[in-house]
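Summary of structural features
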Amino acid sequence: MWFGYMNRNYEEELDIAVGADNAFEPGGDRGQPTHFTTRRHKDVFKVTVPKEFGDKQLVWKLTRHGHTEQVVATLKPVWQIDRLRTTRGGNSEQVSSNLPPVVKVEAVNPSGSVATLTLSATDDGLPARRGAPAGLTVFWAKFRGPGSVQFSEREAKLANGKATSSATFSEPGDYILQAVVDDGSGESAGNFGYHCCWTNTQVRISVKSAPQSTVPDPQSAIRNPQSAVPNPQSAA
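The following paragraphs examine the structure supplied in this document. Since the model is a prediction, treat every value here as computed from it, not as a measurement.

In terms of nonpolar packing, the biggest core is built from 22 residues, with L117, L119, V138, W140, F169, L177 and I205 touching the most fellow members. Of all the secondary-structure elements, those providing two or more residues to this core are β8 (102-108), β9 (114-122), β12 (137-144), β13 (149-151), β15 (162-169), β16 (173-182) and β17 (198-207). Beyond its immediate stretch of four places on either side in the chain, W140 contacts V105, L117, L119, F151, E153, R154, S165, L177, Q178, A179 and V203. Counting residues in hydrophobic clusters, the runner-up holds 19 residues, among them I16, F36, W60 and L62.

Set out below in structure tokens:
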């Protein structure tokens with residue numbers, strides 16, 4: 001099962017720790033994010049269920065400012081991702097006519113307060129516009145972690161299949177960072193109705209040393225933010 005969310009805020013990003021305010025029923029912690037960037041993010045993480053799951057349900061609940069949102073996930077056919085109709089470029093003659101990128105990430109100085117992230121990706125060159133590949137883009141975000149993270153290049157186009165960014169951590173602890181690499185047919189291209197083609201890649205970083213200076217809180221400059229509970233979403 002694939003899950004995503006819609007943070008209705010345009011400016012405020014939210015942190016909701018796993019626990020009473022961010023939990024699955026049943027299961028509690030099923031690998032869901034604790035950091036929610038602004039607006040819609042589809043197919044952010046997956047939950048694998050046993051083959052005998054049948055007609056059971058998974059419920060993901062998020063609570064913020066006393067308000068709770070939830071999504072009920074099932075294996076009913078109406079929610080299944082159909083490669084013939086809900087993926088970009090899929091068709092009955094050639095279902096895998098457009099494949100997602102293959103991505104690799106390396107982290108340098110992963111235990112320090114600043115880590116250099118080098119991402120490389122290959123793709124099938126689709127979709128093509130005016131005879132040339134649309135090109136790959138990457139979007140970095142904190143997925144889990146105790147402090148804030150600043151990226152020198154949060155969004156970037158890949159050049160020759162590569163992109164580099166530094167991540168600065170506000171405090172020590174264990175972090176999960178997520179890179180979303182899109183080939184131009186997914187959400188970065190505004191195709192919100194499709195489930196292809198992008199790749200989520202995560203990197204785990206354990207920060208041991210404290211930063212020399214405090215990372216500014218990206219929410220500190222927001223004036224009168226309208227806090228909204230991220231609306232969890234799912235697809236089987």
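One open sheet accounts for four strands, arranged β8-β9-β15-β13; its pairing is antiparallel. Strands at the two margins of the open sheet, each flanked by one partner only, are β8 and β13. Sheet twist, expressed as the average angle between the axes of neighbouring strands with direction ignored, equals 25°. Alignment of β9 against β15, held across seven bridges, turns out to be antiparallel. Looking across to β15, one finds that V114 is bridged to T168.

Before going further, it helps to examine the packing of aromatic side chains. One pass over the structure, following the stated rule, counts 10 aromatic pairs. For the ring pair F3 and F24, a centre distance of 5.1 Å and an interplane angle of 85° mean the geometry is edge-to-face. A residue pair is termed long-range when its members are at least 10 positions apart, and F3 in strand β1 (residues 2-7) and F24 in strand β3 (residues 22-25) qualify at 21 residues. In this pair, the class of F3 matches that of F24, namely buried. Arranged with centres 6.2 Å apart and planes meeting at 90°, the rings of F3 and W60 form a pair that is edge-to-face. On the criterion of sequence distance, the pair formed by F3 in strand β1 and W60 in strand β6 (residues 58-64) is long-range, its members being 57 residues apart.

Attention shifts here to the pattern of salt bridges. Applying the stated criterion across every chain, the model contains six salt bridges. Residue E13 pairs with R154 through a salt bridge whose shortest N-O separation is 2.8 Å. Separated by 141 residues along the polypeptide, E13 in the loop between β1 and β2 (14-15) and R154 in the loop between β13 and β14 (155-157) bring together distant segments of the chain. With a relative accessible area of 12%, E13 lands in the buried category. Between D29 and R144 there is a salt bridge; the shortest N-O distance is 2.6 Å. Of the two residues, D29 is situated in the loop between β3 and β4 (35-36) and R144 in strand β12; the sequence distance between them amounts to 115 residues.

A few words on the sheet that holds β3. Remark on secondary structure: sheet strands pair via backbone hydrogen bonds, oriented parallel or antiparallel. Reading across the sheet, the three strands line up as β3-β6-β7 and stay open at both edges, with antiparallel pairing between neighbours. Looking at which strands have only one partner, the edges of the open sheet turn out to be β3 and β7 (67-73). Here the strands of the sheet are splayed against their neighbours by 20° on average, with no regard to which way each runs. In terms of strand pairing, β6 meets β7 through seven bridges, oriented antiparallel. Each bridged residue has a counterpart across the sheet, and for K61 the counterpart in β7 is Q70.

Okay, the environment of Q202 next. For Q202, the location among the structural elements is in strand β17. Along the chain, Q202 and A141 lie 61 residues apart, while their C-alpha atoms are 9.8 Å from each other. Those residues in contact with Q202 that lie beyond four places of it in its chain are F143, I176, L177 and Q178. One polar contact links Q202 to Q178, side chain to side chain, over a distance of 2.9 Å.

Its place among the elements puts T63 in strand β6. On the basis of relative accessible area, T63 is assigned to the buried category, the value being 16%. Here T68 takes part through its side chain, which lies 2.7 Å from a polar atom of the side chain of T63. Not counting residues up to four positions away in its chain, the partners in contact with T63 are I16, D21 and T68.

Here is what the cut-offs are and how they apply
Residues numbered from 1 in each chain as written. Predicted model: local features only at pLDDT ≥ 70, side-chain atom pairs only at ≥ 80, totals over all residues. Heavy atoms only, no water. Core = buried A, V, L, I, M, F, W, Y, C linked by side-chain atoms within 4.5 Å. Buried < 20%, exposed > 50% of the residue type's maximum accessible area, 1.4 Å probe, protein only. Helix = DSSP H or I, 4+ residues; strand = E, 2+ residues; numbered from the N terminus. Contact = heavy atoms within 4.5 Å. Pairing = 2+ DSSP bridges. Axes fitted to C-alpha atoms, helices over the stretch in contact; angles between N-to-C directions. Phe/Tyr/Trp six-rings, centres within 6.5 Å; stacked < 30°, edge-to-face > 60°. Salt bridge = Lys/Arg side-chain N within 4 Å of Asp/Glu carboxyl O. Polar contact = N/O pair within 3.5 Å; in protein donor to acceptor, adjacent residues only side chain to side chain.

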